[in-house]
Protein chains: 2
Amino acid sequence: MSGDHLKRLLERHKATVEAAMARILPPCPDSVSVIDEAMRYSLFAGGKRLRPGLLLAVGEALGGELDNLLPAACAIEMIHSYSLIHDDLPCMDDDDLRRGIPTCHVKFGEGMATLAGDALSNAAFQVIAQETRDQDLVAPLVLELSTAAGTGGMIGGQVLDILSEGAAPDIEVVREIHRMKTGALFVASMRLGAIAARADADQLARITDFGRKIGLAFQIMDDILDLVADAETLGKTAGKDAEQGKMTYPAAIGIEASRREARGLIEEARLLLDGLDPQGDLDALAGFIYARLN
Amino acid sequence: MSGDHLKRLLERHKATVEAAMARILPPCPDSVSVIDEAMRYSLFAGGKRLRPGLLLAVGEALGGELDNLLPAACAIEMIHSYSLIHDDLPCMDDDDLRRGIPTCHVKFGEGMATLAGDALSNAAFQVIAQETRDQDLVAPLVLELSTAAGTGGMIGGQVLDILSEGAAPDIEVVREIHRMKTGALFVASMRLGAIAARADADQLARITDFGRKIGLAFQIMDDILDLVADAETLGKTAGKDAEQGKMTYPAAIGIEASRREARGLIEEARLLLDGLDPQGDLDALAGFIYARLN
């Protein structure tokens, strides 16, 4: 898979999702336009759009239609964006910098940032209900997204993150945090694409497995980058994890063993794609993470 | 309408909703059971369950079935509960007492309270998608609830509340805050009941108008009680609104004029019920607010 193919794919999905999000973010009365500003500030702060990219890649590979895929793609990015806003709050990770710019609460105040996160979470479900062309898909899409974002998934991972701060590194706890906090939304990206494309049971099962492996590899990569990159490369405060005594893969088993584990996961994931990936798009996305591990 | 009828009605709906919420709150892994505890702490802190009560009253009056009404009733109470948790945070209203007990962040810490609110908001949509019997109702129910809870409704009202702190009392601003912050969820309670009961356009329009008037009257009542009641009666810190320079009806036009306006709204609302209220349940709920104005 060439780097050009990958770059074109990501750029195309990113442009599609960003245009759609700008258009379908629910209207906001003039009297409270500051909340709209805060939401857009974080939502358009230069994310890679990897989750909606995965969703669209899976959905298109399985023959889904854009009018059914795109609302869910916007929704999962809104959920991801809200979780970052709340994660950055002083009562959570207390981070001042995200993607190279001041975090939402630094720019708009803590109260407004809390509400901007709330509003993005809420808007995710509104967008699916309002914009999905085939309305019979709304119930399974809302169920999938809310289950992945809830206490058994993303929010559960944030809780575990808080509970484990300062404890001795433990690889089992690290795996559990990653599975919930990042893995759940990664897997949901893939599954939402498959559901919106009306995948059959076998396709959905393989996509789920692919998403689990890729999601964990992505988080290991993120942990390694936090440790070795400087703030400029990373676009956020570097070394925060170690400073706060966070559970990470490198802290638990070292950098080289973490790299090996992530590479192994990506190789296993690629084997699941037989017949599911006519354009090689999913393979290219796996390759993107693999390349960043070096 | 006798007080006994009203009391029985509220008690019956309250018991139904509380049993359902305890049962259908999404499962939570043992490793993060503290978030489940924080959610249930606030959700079962002795609320009056007025919003689900209104939803069930409207839905039953229009011939809806409990299997379609109850998930939405639980969902709107979860949204209400999450908004109170976030409203009470130090970065918002900074309140230590709610319904006579310590607020969620006092009991569980600010980070956990933020996540408990996030999780209740998310669970509301999960419950509708998972538990509503007729799945074709999920899309309109999710759209109605998310629109009411979003920047054009409840969250918009919370924003306006923050923006107007310390400004001179202005009755137009007060009306706008109430219309959005409390009114939107009140109207949505009624409309969700009507939608889940497959109401026709005329029924839905009248229920919407009824909900607007009752919702505003309820908030005026709440403003007055904050001013005249002591903490024991109120179950929360009394006089906080005045202390924080909040926009309220009594601050803008005085207590007596506020009482007159609320009574007028309730009288107008009751006139809309012709043919919509076979058991007199909606009339009894309006009467409950009327009685608390004295």
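Residues numbered from 1 in each chain as written. Chains lettered and ligands numbered in written order. Predicted model: local features only at pLDDT ≥ 70, side-chain atom pairs only at ≥ 80, totals over all residues. Heavy atoms only, no water.

Participant: So, a negative patch on the surface: which residues are in play, and what are the values?
Facilitator: On the surface, A:Asp94, A:Asp96, A:Glu110, B:Asp94, B:Asp96 and B:Glu110 cluster together into a negatively charged patch. Mapping B:Asp94 onto the fold places it in the loop between helix H4 (66-88) and strand E1 (97-98). (Patch = residues over 30% accessible without salt bridge, like charges linked within 9 Å, V, L, I, M, F, W, Y side chains within 5 Å. Areas by Shrake-Rupley, 256 points an atom, 1.4 Å probe, with all protein chains shown as cover. Salt bridge = Lys/Arg side-chain N within 4 Å of Asp/Glu carboxyl O. Lys, Arg positive; Asp, Glu negative; His and termini not counted. Charge placed at Lys NZ, Arg CZ, Asp CG, Glu CD. Helix = DSSP H or I, 4+ residues; strand = E, 2+ residues; numbered from the N terminus.)

Participant: How would you explain the pattern of salt bridges if you had to name every residue and give the values?
Facilitator: Two side chains that carry opposite charge are able to pair once their charged atoms sit near each other. Counting across every chain of the model gives 38 salt bridges over all chains. As a salt-bridge pair, A:Asp202 and A:Arg206 come within 3.5 Å of each other at their nearest N and O atoms. Taken together, the positions of A:Asp202 and A:Arg206, both in helix H10 (residues 201-228) and four residues apart, correspond to about one turn of that helix. On the basis of relative accessibility, which here comes to 23%, the residue A:Arg206 falls in the partly exposed class. B:Arg175 is the salt-bridge partner of B:Glu172, the closest N and O atoms lying 3.1 Å from each other. Of this pair, B:Glu172 and B:Arg175 are both found in helix H9 (residues 171-196), three residues apart, which corresponds to roughly one turn of the helix. Here B:Arg175 falls in the partly exposed class, since its relative accessible area comes to 30%. A single network of salt bridges, built from pairs that share partners, joins A:Glu65, A:Arg133, A:Asp134, A:Asp136 and A:Arg198. (Buried < 20%, exposed > 50% of the residue type's maximum accessible area, 1.4 Å probe, protein only.)

Participant: Please provide a residue-by-residue account of the confidence of the model for chain A, values included.
Facilitator: With 93% of its residues at a pLDDT of 70 or more, chain A has an overall mean of 90. Scoring of the predicted complex yields 0.91 for pTM and 0.90 for ipTM. (pLDDT = per-residue confidence, 0-100.)

Participant: How would you summarise H9(B) if you had to cite specific residues and measurements?
Facilitator: All names here are of chain B. Taking 1.5 Å as the rise per residue, H9 with 26 residues should run 38 Å; its terminal C-alpha atoms sit 35 Å apart, in good agreement. Most pronounced at Gly183, the bend in H9 amounts to some 50°. Most of H9 is tucked away: 19 of the 26 residues are buried. Measuring from the backbone nitrogen of Glu172 back to the side-chain oxygen at the start of H9 gives 2.8 Å, which picks out Asp170 as the cap. A positive phi of about 55° marks Arg198, the residue just after H9. (Expected span 1.5 Å × (residues − 1). Bend = angle between axes of the 7 residues up to and from the residue. Polar contact = N/O pair within 3.5 Å; in protein donor to acceptor, adjacent residues only side chain to side chain.)

Participant: Go over the environment of A:Lys181 with me, naming the residues and quoting the values.
Facilitator: All names here are of chain A. In this fold, Lys181 is placed in helix H9 (residues 171-196). Considered as a pair, Lys181 and Ala149 are 32 residues apart in the sequence and their alpha carbons are 8.6 Å apart. Ignoring sequence-local partners within four residues, the contact set of Lys181 consists of Asp87, Asp93, Gly153, Met154, Gly157, Gln158 and Asp161. At 2.6 Å, the side chain of Lys181 and the side chain of Asp161 are in polar contact. (Contact = heavy atoms within 4.5 Å.)

Participant: An account of the packing of aromatic side chains is requested, with residue identities and associated values reported.
Facilitator: All names here are of chain A. Under the definition given, this model contains five aromatic pairs over all chains. Geometrically, the ring pair formed by Tyr41 and Phe108 is edge-to-face, given 5.4 Å between the ring centres and 75° between the ring planes. On the criterion of sequence distance, the pair formed by Tyr41 in helix H2 (residues 33-43) and Phe108 in helix H5 (residues 104-108) is long-range, its members being 67 residues apart. The same class applies to Tyr41 as to Phe108, namely buried. (Phe/Tyr/Trp six-rings, centres within 6.5 Å; stacked < 30°, edge-to-face > 60°.)

Participant: How would you explain the packing of helix H6 (residues 110-131) of chain A against helix H6 (residues 110-131) of chain B if you had to name every residue and give the values?
Facilitator: For any two helices packed against each other, one specifies the inter-axial angle together with the distance between the axes. The geometry of H6(A) relative to H6(B) is characterised by a closest axis approach of 10 Å and an angle of 10° between their N-to-C directions. The pairing of H6(A) with H6(B) is recorded here as roughly parallel in orientation. In this structure, H6(A) contributes A:Asp118, A:Ser121, A:Asn122 and A:Phe125 to the contact, and H6(B) contributes B:Asp118, B:Ser121, B:Asn122 and B:Phe125. Tallied by class, residues from the contact of H6(A) with H6(B) come to two nonpolar, four polar and two charged. (Axes fitted to C-alpha atoms, helices over the stretch in contact; angles between N-to-C directions. Parallel < 35°, antiparallel > 145°, perpendicular 65-115°, else oblique. Nonpolar A, V, L, I, M, F, W, Y, C, P; charged D, E, K, R; others polar.)

Participant: Requested: an account of the environment of B:Leu84, with residues and values cited.
Facilitator: Residue and element names in this part refer to chain B. Note that Leu84 resides in helix H4. Judged by relative accessible area, which is 12%, Leu84 ranks as buried. Sequence-distant contacts of Leu84, defined by excluding residues within four places in its chain, comprise Arg98 and Arg99.

Participant: Account for the relation of the copies chain A and chain B, naming residues and giving values.
Facilitator: Least-squares fitting of chain A to chain B yields an RMSD of 0.0 Å, with the transformation described by 0.0 Å of translation along the axis and a rotation of 180°. Such a combination of turn and shift is consistent with a two-fold rotation axis. A share of 100% of the interface residues of chain A reappears at the interface of chain B, consistent with the copies meeting face to face through the same patch. (Least-squares fit on C-alpha atoms with pLDDT ≥ 70 in both.)

Participant: Pulling in residues and values, what's your account of the interface of chain A and chain B?
Facilitator: Taken together, the 46 residues of chain A in the interface contact 47 residues of chain B. Together, the buried faces of chain A and chain B total about 3,600 Å²; carbon and sulfur atoms form 73% of this surface. When residues of chain A are sorted by the area they lose upon contact with chain B, A:Leu115, A:Asn122 and A:Thr151 head the list and together hold 16% of the total. Where chain A touches chain B, the interface holds zero salt bridges. At the junction of chain A with chain B, the criterion picks out six residue pairs in polar contact (both at pLDDT 80 or more). For the side of chain A that touches chain B, the secondary structure elements donating two or more residues are H2, helix H4 (66-88), H6, helix H7 (138-149), helix H8 (154-164) and H9 of chain A. In terms of residues, the side of chain A that touches chain B owes the most to one element, H6(A), which gives 13 residues. Broken down by class, the residue content of the side of chain A that touches chain B amounts to 27 nonpolar, 16 polar and three charged. (Buried area = accessible area lost by both parts, 1.4 Å probe.)

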